[in-house]
Amino acid sequence: MEIGKGNTRIRLLPEDEYMHPLEAAKNYNESMYFNIFSASPKPFGGWFRVGNRANEGYAEMSNCIYLPDGRVGFMFSRPSISNNDALDAGGMTFTVIEPFKKLKATYKGKVCLMKNPHEMANPKKAFQENPLVDCEVDIDYFGVSPMYGGEPVNEDGSPVAQNAESAFYSGHYEQHMGGKGFFIVDGVRYDMDGFGLRDHSWGPRFWQNIYWYRWLPMSFGRDFGMRVSIKSVSAGSLTIGGMVQSGNHYADIIDANIKTVWDENDYQTDFTVWVKTAEREYTVDAKVLSLIPLRNRRQTPEGAWLNTRITEGMTEYRCDGKVGYGMSEYLDQIVDGKAVGKDVS
């Protein structure tokens, strides 16, 4: 699949579902992310990520499960790796069964089980004061939409050159998915039959290269979903993107805005999303059901610490009389103790 954009094209091939050659950039990242949610018996779900940073000698593994009773099980680890051969680290494995159609996500390990997931704002304390329990995840995913995205390439097929120090990825694509399987947390099994979204990224990445973003993947069932993205790469800049899924068709989002209600911790609690495609406009009302605050820190060569906060909310969405579920992922750089995007989104 190739989509022309000026002198470049967005290319996505079946082989892009698999691992890419390890590039020279020290901060090269290749990652996959999956989420899935169900409303039965009460809303629950989770998200799962493995990101290889082989040139730095480690992978990033995240497992987050939102249970029906409000508890959240979470685990993050940085297991050592020496190559970019597979997304298989820290007990989590992603397998491509059939490109663009069938994939599998599994995990066996521990999670920190919290009654109050806001405690993860201080991860050291959260892991000390909450129990580590056994966890197993086994989800078979199947595509319910076309693919969206790919890798920008020049007319001759060569990748578009990037500055590794300022990049976030070279290639990136997404797909709405259905999924069936189960979670087992602390000996209790939760059967899953739901919907969600996945993505795959490769190329240089520092989490601090985005000033702030709002990333809203949502699914209302097999035939209707969205992914809304509003991001700023520097103070004053704004990029709007995403797509609306209607059956087996994606419509590009050409404009959007978000009006957020914040709590005393500056975490999102409720918000309204206005979305415009070439075909129509949508209004989506959202309520965050459960939220865990995460962070990423990096020290510059000069010794300064850069702090990034990512609030991950399991969210109920309402649009066109339908109820759906998904994530609200709010990323902000923290400057002088404040989230930089709070006053603009």
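Not measured: the values here are computed from a predicted model.

What counts and how
Residue positions are given per chain, counted from 1 along the sequence in the order it is written. Thresholds applied to this predicted model are a pLDDT of at least 70 for local features of residues and 80 or more for the giving and counting of side-chain atom pairs; totals over whole chains, interfaces and linings are not thresholded and use all residues. Values shown for side chains rest on all heavy atoms present in the structure; no hydrogens or waters enter the calculation. As used here, the term nonpolar core means buried Ala, Val, Leu, Ile, Met, Phe, Trp, Tyr and Cys residues forming a set that is joined through side-chain atoms within 4.5 Å. Relative accessibility under 20% of the residue-type maximum defines a buried residue, over 50% an exposed one, and the middle range a partly exposed one, all with a 1.4 Å probe and only protein chains included. By definition, any uninterrupted DSSP run of H or I lasting at least four residues is a helix, any uninterrupted run of E lasting at least two residues is a strand, and each is numbered from the N terminus. Throughout, a residue-residue contact means that at least one pair of heavy atoms, one from each residue, lies within 4.5 Å. Only rings of Phe, Tyr and Trp enter the pairing, Trp through its six-membered ring, and a pair is recorded when the two centres are within 6.5 Å. The plane angle decides the type: under 30 degrees is stacked, over 60 is edge-to-face, the rest tilted. The rule for a charge over a ring is simple: NZ of Lys or CZ of Arg within 6 Å of the ring centre, and within 35 degrees of the ring normal. Strand pairing follows a simple DSSP-based rule, namely that at least 2 bridges must link the two strands.

A separate point is the nonpolar core. Of all hydrophobic cores here, the largest spans 33 residues; its most connected members are Phe-48, Ile-65, Phe-94, Val-137, Tyr-141, Phe-183 and Val-185. Mapped by element, the contributors of at least two residues to this core are strand S3 (28–38), strand S4 (44–53), strand S5 (58–66), strand S8 (92–98), strand S9 (102–114), strand S10 (132–143), strand S12 (171–185) and strand S13 (188–204). Ignoring anything within four residues of it in the chain, the contact list for Tyr-141 reads Phe-34, Asn-35, Ile-36, Phe-48, Lys-101, Lys-102, Leu-103, Ala-105, Met-177, Gly-178 and Gly-179.

Once that is clear, we can look at the packing of aromatic side chains. Enumeration over the complete set of coordinates arrives at 15 aromatic pairs. Plain terms: the ring middles of Tyr-33 and Trp-47 are 6.1 Å apart, the flat faces sit at 25 degrees to each other, and that makes the pair stacked. With a gap of 14 residues between them, Tyr-33 in strand S3 and Trp-47 in strand S4 connect regions that are remote in the sequence. Note on Phe-34 and Tyr-141: the rings are 4.8 Å apart at their centroids and 40 degrees apart in plane angle, and the pair reads as tilted. Residue Phe-34 is found in strand S3, and its partner Tyr-141 is found in strand S10; the two are separated by 107 residues along the sequence. The class for Phe-34 is buried, based on a relative accessible area of 0%. Taken together through their ring pairs, the aromatic side chains of Phe-44, Phe-48, Phe-183 and Tyr-190 make up a single cluster. Positioned over the ring face of Phe-206 is Arg-298, at 3.8 Å from the centre of the ring.

The next thing to look at is the pairing of strand S15 (residues 224–232). S15 sits mainly inside the fold: eight of its nine residues count as buried. Hairpin connection from strand S14 (residues 212–219) to S15: four residues lie between these consecutive antiparallel strands, with Gly-221 at a positive phi of about 125 degrees.

This part is about the pairing of strand S16 (residues 239–246). The sheet contact formed by S15 and S16 spans eight bridges and is antiparallel. Counted as the bridge partner of Met-226 is Val-244 from S16. The turn linking S15 back onto S16 is made up of six residues, and Gly-236 within it adopts a positive phi angle of 95 degrees. Sheet topology note: the S16/strand S17 (residues 249–262) ladder contains four bridges and is antiparallel. Across the sheet, Met-243 pairs through a bridge with Asp-252, a residue of S17.

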